[in-house]
Amino acid sequence: MADNYVISEIEKDYILALLDQKKRTDGREFNQHREIKIETDLVQKAEGSAIVSIGNSKIIVGIKATLGSPFPDTPDSGVITTSAELSPMASPFFESGPPSEAAIELARVTDRAIRESHCIDLSKLCIIPRKSVWILFIDFYILNHDGNLFDAATLGAMAALSKTKIPKVKILEDEEVEILEETESLKINHYPVSVTTYKIGKNNVVDANLKEERVSDARITVGFDEEDHIVSLQKGNYGVYKPDEVLQIIKESLNVSKNLRKELMKAIS
Amino acid sequence: MAGDGTTQLIDEKGKRLDGRKLDELRPIEIKIGVLKNADGSAEIRMGKNIILAAVYGPRELHPKHRALPNRALIQCFYRMSTFSVNDRKSPAPSRREKEISMILSNALTSVILTEKYPRTTIDVYLQVLQADGGTRCAGLTAASVALADAGIPMKGLISSVAVGLANDKVVLDLFDIEDQKGSGDLPLGYSPILDEVSLIQLDGVFTLEQFEEALHLGIKGAKEIYEIQKLALKEKYSAIRNEVADEIKPSKKEVKEVPKEEVKEAPKKEVKEVPKEEVKEAPKKEVKEPPKEEVKEAPKKEVKEPPKEEVKEAPKVKEKEEKEDE
């Protein structure tokens, strides 16, 4: 993301040299996220919404529900679909236009954590099998990019989903569906969070800021549910890992995920 | 766009559906400098509208052949979020959004001193987070303060509001339902200090009298918005000034009231990002323009105080920052 952001060699060396002394430029521990802020229900016209910042990275998530047809292979399941926009307002390096690869990756990785954790029972979103189901759109807009959008997106999606209210419906005689004024809260069965670890030189740190992200070789995003199951994983960028390193990262990430979930639960309770 | 005008929008007491009088604005809140990466930014809440504005530039224009040899190109991008309206909006820019982007670009071009930055672009991004009628106007209001926040020299701010017809009466600042059910809509962009209309559109059916009344009502509304814009800008920069003053005399009391975020980050940004040429120019602008405005527009009491502050302190602040930087 923000691939044409150029970082000077001096700054790069500085970041790397500090990391070798187990220090980060902003004084954080290797497994420490920046300050997290979660605000929900900002947008009343959305079925659910949340605005999340991790440090200076800022992202807004809105949920819309519309009636539609199920996929033929899952006739009695509702549909969730995610999209992300790296808005040019978020960084001088984002340009308007069709979704970039980075935007698609962000949406899909987050989608995976939500879908695979079964945090929403899709069969509950079915109204008439094969005919009519709820389609939940989960849309992300990046407002300010300062690294690690993945963790913010998952936190935002879960915060928004947990505040989502879907209209009740009435099925009429000829299988027509009437949408009622009354709404009910979407039931959330699990609370997945994702933790992204960046490999910078020989060191692995969570929640890179933009500069750290720029000098990193690779990243691993892992999603966990509250029962410590891994629900998603994505390796990004060109760098490589040793198998033990991957295990180590995942174990560390699991610990970190508990802190993130605390922040999430605090914000939505 | 305009409805048939048959829906009852005004009650017997002359109150509108949301309880406002005919010539009353919705509550407006403007925050400056809300997005850290942008050169200038603003958030406006006007009724239930929530809109963010971000300014980048002057910067290089791509593709280069679009650059103008004699002035900066102003590009405004108005986008609605998919969840900002009742039925999900498709994420692709619609014809409506493209058109609004164009007219907003035109309006902003008219007040910016574009000849100062030939061959560059100044990009203004507007993201509607929640729409409640009159988004282009609220967006334009926010865009012009975001430009001021970015230090772009301008002849004046644009203040913008929509006027419309509800049950054949001219009403100020249409909200969602009036926008849809009313029989006319007249978005207006107006600079009180220049007395210039930089944006005007109309749909629906107005009589000539109604049009004239609408125009005057719009200008009245724009003047009220202008005061809010000025206040929002002053708030941010007086916070910076207080912080600098605090560094000199740590005992100064005013600092306590200042929100933390702004105090910490704003001065840094100016020191690092503004190229030297601009640093020299910027103080000039701040010194000269606001007092002029004040003299013309504000009541006599204000004339004495704010210009003094601006004239004396603003340049000092800048010099200090420059030195620290070196």
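1. Details of the overall build of chain A
Argument step 1. The helix and strand inventory of chain A stands at five helices and 12 strands.
Argument step 2. Taking 18 Å as the expected radius of gyration for a compact globule of 269 residues, we find that chain A reaches 20 Å, a close match to that expectation.
Argument step 3. Its C-alpha atoms give chain A principal-axis dimensions of roughly 70 × 40 × 35 Å.
Argument step 4. In chain A, buried positions account for 46% of the 269 residues.
Argument step 5. Long-range contacts, defined as pairs at least 24 residues apart, comprise 69% of the intrachain contacts of chain A with a sequence gap of at least 6.

2. Looking at helix α5 (residues 243–268) of chain A
Residues and elements named next belong to chain A.
Argument step 1. Over its 26 residues, α5 runs 36 Å from end to end, which matches the ideal 38 Å to within 8%, given 1.5 Å per residue.
Argument step 2. Buried within α5 we find I249, S253, V256, S257, L260 and L264.
Argument step 3. Check the buried side of α5 and you find it contacts β1 (36–40), α3 (149–162), β9 (193–200), β10 (203–206) and β11 (218–224).

3. Let's talk about the interface of chain A and chain B
Put simply, an interface is often sized by how much accessible area is lost when its parts join up.
Argument step 1. On the side of chain B, 21 residues touch chain A, which itself brings 26 residues to the contact.
Argument step 2. Counting residues per element, the ones that place at least two in the side of chain A that touches chain B are β3 (57–68), β4 (79–85) and β6 (132–144) of chain A.
Argument step 3. Partitioning the side of chain A that touches chain B into residue classes produces 11 nonpolar, 11 polar and four charged.

4. Side note on the confidence of the model for chain B
Residue and element names in this part refer to chain B.
Argument step 1. Across chain B, the average pLDDT comes to 81, with 75% of residues at or above 70.
Argument step 2. Overall, residues 262–326 carries pLDDT values under 50, and its contacts beyond four positions in sequence, including any with other chains, amount to 57 contacts.
Argument step 3. Interface confidence in the predicted complex, given as ipTM, is 0.71; pTM for the same model is 0.74.

5. Remarks on the sheet that holds strand β5 (residues 120–130) of chain B
All names here are of chain B.
Argument step 1. In space, the five strands of this open sheet follow the order β1-β2-β3-β5-β4, with mixed pairing throughout. Each end of this open sheet is capped by a strand with a single partner; those strands are β1 (28–32) and β4 (73–80). Strand-to-strand twist of the sheet, defined as the mean angle between neighbouring strand axes without regard to direction, takes the value 15°.
Argument step 2. In terms of strand pairing, strand β2 (residues 40–46) meets strand β3 (residues 49–60) through seven bridges, oriented antiparallel. Across the sheet, residue M46 finds its bridge partner in β3, namely N49.

6. Some thoughts on the sheet that holds β10(A)
Residues and elements named next belong to chain A.
Argument step 1. Here we have four strands laid out as an open sheet, ordered β10-β9-β11-β12, and antiparallel in their pairing. This sheet does not close on itself; its edge strands, each paired only once, are β10 and β12 (230–236). Ignoring strand direction, the axes of neighbouring strands in this sheet form an average angle of 20°.
Argument step 2. Where β11 meets β12, six bridges bridge the pair, whose relative direction is antiparallel. The partner of F224 across the bridge, within β12, is I230.

What counts as what
- Residues numbered from 1 in each chain as written.
- Chains lettered and ligands numbered in written order.
- Predicted model: local features only at pLDDT ≥ 70, side-chain atom pairs only at ≥ 80, totals over all residues.
- Helix = DSSP H or I, 4+ residues; strand = E, 2+ residues; numbered from the N terminus.
- Rg over C-alpha atoms; globule rule 2.2 N^0.38 Å.
- Buried ≥ 20, exposed ≤ 12 C-beta atoms within 10 Å, placed from the backbone.
- Contact = placed C-beta atoms within 7 Å.
- Expected span 1.5 Å × (residues − 1).
- Nonpolar A, V, L, I, M, F, W, Y, C, P; charged D, E, K, R; others polar.
- pLDDT = per-residue confidence, 0-100.
- Pairing = 2+ DSSP bridges.
- Axes fitted to C-alpha atoms, helices over the stretch in contact; angles between N-to-C directions.

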